[in-house]
Amino acid sequence: MSTPRWDRLLMNATLATFAGDAPCGLIERGAIAIHRGRIAWVGRVDALPAAPDTLSAIVDSLDGALVTPGLVDCHTHLVFAGDRAHEFDLRLNGASYEDIARAGGGIISSVTATRGASEEQLYAQSLPRALALLADGVTTLEIKSGYGLNLDGERRMLRVARRLGRELGMTVRTSFLGLHALPPEYKDRRDDYVTLVCDEILPTLAAEKLVDAVDAFCESIGFSHAETRRLFERAKQLGLPVKLHAEQLSDLHGAALVAEYGGLSADHLEHLSESGIVAMAAAGTVAVLLPGAFYALRETKLPPVELLRKHAVAMAIATDCNPGTSPLLSLRLAAGMGCTLFRLTPEEALRGVTVNAARALGLADRGTLAVDQRADLVVWNARQPAELCYWIGGNLVRQVWLGGEPISTD
Ligand code: NIG
Ligand code: FE
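The rules behind each value
Residues numbered from 1 in each chain as written. Chains lettered and ligands numbered in written order. Predicted model: local features only at pLDDT ≥ 70, side-chain atom pairs only at ≥ 80, totals over all residues. Heavy atoms only, no water. Helix = DSSP H or I, 4+ residues; strand = E, 2+ residues; numbered from the N terminus. Rg over C-alpha atoms; globule rule 2.2 N^0.38 Å. Buried < 20%, exposed > 50% of the residue type's maximum accessible area, 1.4 Å probe, protein only. Contact = heavy atoms within 4.5 Å. Areas by Shrake-Rupley, 256 points an atom, 1.4 Å probe, with all protein chains shown as cover. Lys, Arg positive; Asp, Glu negative; His and termini not counted. Charge placed at Lys NZ, Arg CZ, Asp CG, Glu CD. Donors = N, O, S within 2.8 Å, 3.2 Å for Na, K, Ca; no water. Domains from an automatic or database assignment. Buried area = accessible area lost by both parts, 1.4 Å probe. Salt bridge = Lys/Arg side-chain N within 4 Å of Asp/Glu carboxyl O. Polar contact = N/O pair within 3.5 Å; in protein donor to acceptor, adjacent residues only side chain to side chain. Nonpolar A, V, L, I, M, F, W, Y, C, P; charged D, E, K, R; others polar. Expected span 1.5 Å × (residues − 1).

**A short note on the overall build of the chain**
Here comes step 1: Per the secondary structure count, the chain includes 16 helices and 16 strands.
Here comes step 2: Rg of the C-alpha trace for the chain: 21 Å, near the compact-globule value of 22 Å for 410 residues, within the 12% margin.
Here comes step 3: For the chain, the spread of C-alpha atoms along the three principal axes comes to 75 × 45 × 45 Å.
Here comes step 4: Burial statistics for the chain: of 410 residues in total, 57% are counted as buried.
Here comes step 5: For the chain, contacts bridging at least 24 residues in sequence account for 71% of all contacts bridging at least 6.
Here comes step 6: Of the roughly 16000 Å² of accessible surface on the chain, a fraction of 52% belongs to carbon and sulfur atoms.
Here comes step 7: Across the chain, the 40 positively charged side chains and the 49 negatively charged ones have centroids separated by 2 Å.

**Re the coordination of the iron ion (ligand 2)**
Here comes step 1: The coordination sphere of the iron ion (ligand 2) contains the protein donors His75 (NE2), His77 (NE2), His245 (NE2) and Asp320 (OD), at a distance range of 2.1 to 2.4 Å.
Here comes step 2: Overall, His245 belongs to the buried group, its relative accessible area being 3%.
Here comes step 3: For Asp320, a relative accessible area of 1% puts it in the buried group.

**Looking at the domain arrangement of the chain**
Here comes step 1: Taken domain by domain, the chain comprises domain 1 (6-69 + 368-407) and domain 2 (71-360).
Here comes step 2: For domain 1 versus domain 2, the separation of C-alpha centres amounts to 31 Å.
Here comes step 3: Taken together, the contacts link 28 residues of domain 1 with 23 residues of domain 2.
Here comes step 4: Carbon and sulfur atoms make up 64% of the area that domain 1 and domain 2 hide from each other, which totals about 1800 Å².
Here comes step 5: Looking only at domain 1, the three residues that lose the most surface to domain 2 are Phe18, Cys389 and Leu402, adding up to 33% of its buried area.
Here comes step 6: Joining domain 1 to domain 2, the criterion identifies zero salt bridges.
Here comes step 7: The interface formed by domain 1 and domain 2 contains seven residue pairs in polar contact (both at pLDDT 80 or more).
Here comes step 8: Looking at the side of domain 1 that touches domain 2, the elements that each hand over two or more residues are strand E5 (66-69), strand E14 (377-380), helix H16 (386-390) and strand E15 (397-402).
Here comes step 9: Of the residues contributing to the side of domain 1 that touches domain 2, the split by class is 19 nonpolar, six polar and three charged.

**Some words on helix H13 (residues 331-342)**
Here comes step 1: For H13, spanning twelve residues, the distance from its first C-alpha to its last is 15 Å, which sits close to the expected 16 Å at 1.5 Å a residue.
Here comes step 2: By the criterion of burial, H13 is predominantly enclosed, with nine of the twelve residues buried.
Here comes step 3: Of the residues trailing H13, Arg343 is marked for its positive phi of about 65°.

**Re the environment of Leu369**
Here comes step 1: Positionally, Leu369 belongs in the loop between helix H15 (355-360) and E14.
Here comes step 2: On the accessibility criterion, Leu369 (3% relative accessible area) is buried.
Here comes step 3: Sequence separation of Leu369 and Gly70 is 299 residues, and the distance between their C-alpha atoms is 9.3 Å.
Here comes step 4: Each residue touching Leu369, except ones within four places of it in the same chain, is listed here: Leu15, Ala16, Thr17, Ala19, Ile32, Ile39, Val42, Val67, Thr68, Pro69 and Leu377.

**Description of unusual backbone geometry**
Here comes step 1: If you check the backbone angles, Cys24 has positive phi at about 60° while not being a glycine.
Here comes step 2: Its place among the elements puts Cys24 in the loop between strand E1 (6-16) and strand E2 (26-35).
Here comes step 3: Here Cys24 falls in the buried class, since its relative accessible area comes to 8%.
Here comes step 4: Phi at Leu149 is positive, roughly 60°, even though this residue is not glycine.
Here comes step 5: Structurally, Leu149 is set in the loop between strand E7 (138-144) and helix H6 (151-168).
Here comes step 6: Looking at Leu149, the relative accessible area reads 1%, which means it is buried.

Next up, the structure:
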């Protein structure tokens with residue numbers, strides 16, 4: 001008997017491929033073959049080229065279970081020390097997010113905790129969050145810096161992010177977010193801080209290969225359009241892609257700015273105008289919607305989903321997992337919130353946590369079930385895609401596959 005051509009073959013699956021023309025790229029009674037960590041074949045069981053056990057060393061039947069690409073969480077601040085549960089309490093007693101930030105809390109309270117933590121402590125505190133996302137079906141994860149705000153603190157965060165990827169086998173993409181908040185020691189010296197970030201911290205960490213992309217918080221309580229542009233100029237010189245926290249609380253025209261630099265994504269976007277959308281469409285910049293922050297801050301202004309559709313801007317959804325505005329540890333729940341709060345269809349929300357989220361990270365080798373894609377898959381205790389957005393809470397994951405291997409998520 002000849003050697004089987006594939007390592008594994010999963011039979012009798014309901015495949016939400018997010019490729020092809022069918023809704024969700026759905027293939028009923030599907031089969032998917034994996035070889036050397038990649039997807040080698042996808043189609044209907046009855047189209048397989050030969051008897052399954054002649055094709056693959058291992059053949060499993062999934063009895064109709066839903067299979068999707070591994071989920072991609074394209075916007076998180078998952079590495080931080082401490083928590084901000086007390087600010088949650090303050091907000092419920094009437095303070096706003098901006099009030100707390102101006103009083104020295106908010107991002108700065110996480111900066112104090114993160115600066116005070118050793119690399120080991122930061123890793124130990126961040127690990128359960130990464131494991132929670134993995135157990136919920138996330139196989140690729142973006143993690144930002146931004147709670148160090150000095151060379152040592154930002155480096156520590158990014159090193160912890162890289163280590164999480166190595167130790168868990170997930171793909172971690174890092175974003176440098178030095179322009180997240182003005183550190184207290186630079187109060188009244190804004191320009192000096194922006195110069196430090198652009199001329200020293202970013203080039204140093206980029207040379208250490210800790211930075212995959214560059215981000216900023218362009219907002220009245222963050223950094224201005226002009227300051228963000230200075231950072232993007234430096235990113236461009238260093239050959240690093242950019243993305244931006246834009247139009248979350250007001251319209252500073254950040255989306256048009258990030259589009260001007262050919263940015264990967266503009267994120268949040270509740271206050272985005274049509275001219276920003278037109279710029280994003282022309283640049284192919286993905287709109288990353290963050291319903292966790294919208295929910296936690298009890299925002300009422302919705303992102304302009306209808307206009308994003310009209311201009312065919314790809315939409316992604318992410319957890320924004322962070323201690324202040326989105327302590328959210330389920331990307332599947334974020335997708336469901338994208339439907340209920342932002343009126344996305346389940347298909348849009350699910351494309352938003354797979355193929356479009358991969359695009360928001362500049363990764364073309366994942367996010368769909370198609371030949372040659374990385375074999376990062378999730379087998380769900382569900383039979384149709386909409387269920388992933390419909391169930392609120394609970395754990396629907398039956399099995400997560402990373403690079404062609406099933407892993408234990410217990
Ligand atoms: O994406 N908006 C800025 N950054 C985070 C909040 C971070 C924090 O409050 O710690 C966000 O919402
Ligand atoms: Fe964020």
